[in-house]
Amino acid sequence: MQGLLELRPLSARLTRSVGLGKMSPFIRAKLGPNVWSTLPSIKGDRSPAWPDLWQVPLEGERSLLVEVRAQGTFGEKTVGEVLVDLDDLLVGGGAAVTAFPLRNGNSDAGEVLLDIRFFPNGNAFPPQSTLPPPVFAPIVPVTTSIAPSLPPPTPVAPTLSPM
């Protein structure tokens, strides 16, 4: 199936650390030959969050590999990964915010929360015809004054003082 896939990695709850000290995990996503990465979640350690949003053309790919990785003393290490079956998402309505379980080999590594949306027409914005018409409040003229009623000012003649 072709269209536009919108991927937003939201956060993760990790059950393991890699390396010594606190981690700064990041997401690496692979769809076909394309690879995207978030910036590391500084001080995210086992509860990282990311603000990224990717819009990716979908050209028949059936799965998306999502890895949570961290930079260690001796290079990058995989904290956990999940292979997301896109067929389930596309059949299920085209949008899901789902917590996917992460694995590292045969071990549980936590879960990653992803917001994944599919747009078959390749446009992430809905066509204008599906938007409701704007609603305007009628203009009502104001007929009463909120100022209290006061008598008109009385003119005062200037007085001259003798010198």
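Everything discussed here concerns the structure shown above.
Below you will find a few notes about this structure. Here the structure is a predicted model, which is why all the values come from computation and not from measurement.

### Side note on the overall build of the chain
Phase 1: Scanning the chain from terminus to terminus reveals one helix and eight strands.
Phase 2: Along the chain, helices and strands appear, N-terminal first, in the series β-β-β-β-β-β-α-β-β.
Phase 3: For the chain, the share of sequence-separated contacts (at least 6 apart) that also reach a separation of at least 24 residues comes to 60%.
Phase 4: Element-wise, carbon and sulfur atoms account for 60% of the exposed surface of the chain, whose accessible area totals about 11,200 Å².

### Notes on the side chain of Glu 6
Phase 1: Relative to the assigned elements, Glu 6 resides in strand β1 (residues 2-14).
Phase 2: One buried charge, Glu 6, has no salt-bridge partner; the nearest side chain with opposite charge is Arg 117, at 4.1 Å.
Phase 3: Side-chain polar atoms of Glu 6 contact the side chain of Gln 55, separated by 2.9 Å.

### Thoughts on unusual backbone geometry
Across the chain, the bulk of peptide bonds are trans and the bulk of non-glycine residues have phi less than zero.
Phase 1: The phi angle at Asp 45 is positive, at roughly 45°, despite the residue not being glycine.
Phase 2: Considering the arrangement of structural elements, one finds Asp 45 in the loop between β3 (34-37) and β4 (54-59).
Phase 3: Residue classification places Asp 45 among the buried residues on the basis of a relative accessible area of 18%.

### Thoughts on empty space enclosed by the protein
Phase 1: The tally for this structure, following the rule as stated, stands at one cavity of 30 Å³ or more.
Phase 2: Lining the largest cavity, in full, are Leu 5, Leu 7, Leu 31, Trp 36, Val 56 and Leu 64.
Phase 3: Among the residues forming the lining of the largest cavity, the class breakdown is six nonpolar, no polar and no charged.

### Let's talk about the environment of Trp 36
Phase 1: Mapped onto the secondary structure, Trp 36 falls in strand β3.
Phase 2: Remark: the alpha-carbon pair of Trp 36 and Val 66, spanning 30 residues in sequence, is separated by 9.6 Å.

### Some details on the environment of Gly 19
Phase 1: Structurally, the position occupied by Gly 19 is in the loop between β1 and β2 (25-31).
Phase 2: On the accessibility criterion, Gly 19 (44% relative accessible area) is partly exposed.
Phase 3: Distance from Gly 19 to Phe 74, taken between C-alpha atoms, is 8.6 Å for residues 55 residues apart in sequence.

### Observations concerning the nonpolar core
Phase 1: Membership of the largest hydrophobic core comes to 30 residues, with the highest contact counts inside it found for Leu 64, Val 84, Val 112, Leu 114 and Ile 116.
Phase 2: Breaking this core down by element, the ones donating at least two residues are β1, β2, β4, β5 (63-72), β6 (75-85), α1 (86-91), β7 (95-104) and β8 (107-119).
Phase 3: Ranked by residue count, the leading element in this core is β8, at five residues.
Phase 4: Apart from residues lying up to four places away in sequence, Leu 64 is in contact with Leu 7, Ala 29, Lys 30, Leu 31, Val 82, Leu 83, Val 84, Leu 86 and Ile 116.

### Looking at the pattern of salt bridges
Phase 1: Overall, the coordinates contain six salt bridges when judged by the stated rule.
Phase 2: Here Glu 76 makes a salt bridge to Arg 28, at a shortest N to O gap of 2.9 Å. Note that Glu 76 is positioned in strand β6 and Arg 28 in strand β2, a separation of 48 residues in sequence.
Phase 3: For Glu 76, a relative accessible area of 34% gives the class partly exposed.
Phase 4: Arg 62 is paired through a salt bridge with Asp 87; the nearest N and O atoms lie 2.9 Å apart. Pair noted here: Arg 62 is in the loop between β4 and β5 and Asp 87 is in helix α1, with a separation of 25 residues, a long-range link.
Phase 5: We classify Asp 87 as partly exposed; its relative accessible area is 26%.
Phase 6: Overlapping salt bridges bring together Arg 28, Glu 67, Arg 69 and Glu 76 as one network.

About the criteria used
- Residues numbered from 1 in each chain as written.
- Predicted model: local features only at pLDDT ≥ 70, side-chain atom pairs only at ≥ 80, totals over all residues.
- Heavy atoms only, no water.
- Helix = DSSP H or I, 4+ residues; strand = E, 2+ residues; numbered from the N terminus.
- Contact = heavy atoms within 4.5 Å.
- Areas by Shrake-Rupley, 256 points an atom, 1.4 Å probe, with all protein chains shown as cover.
- Buried < 20%, exposed > 50% of the residue type's maximum accessible area, 1.4 Å probe, protein only.
- Lys, Arg positive; Asp, Glu negative; His and termini not counted.
- Salt bridge = Lys/Arg side-chain N within 4 Å of Asp/Glu carboxyl O.
- Polar contact = N/O pair within 3.5 Å; in protein donor to acceptor, adjacent residues only side chain to side chain.
- 1 Å grid on protein atoms, 1.4 Å probe; cavity = no way out; pocket = protein on both sides within 12 Å on 5 of 7 lines; lining within 4 Å.
- Points joined across faces, edges and corners; volume = space filled by probe spheres on them.
- Nonpolar A, V, L, I, M, F, W, Y, C, P; charged D, E, K, R; others polar.
- Core = buried A, V, L, I, M, F, W, Y, C linked by side-chain atoms within 4.5 Å.

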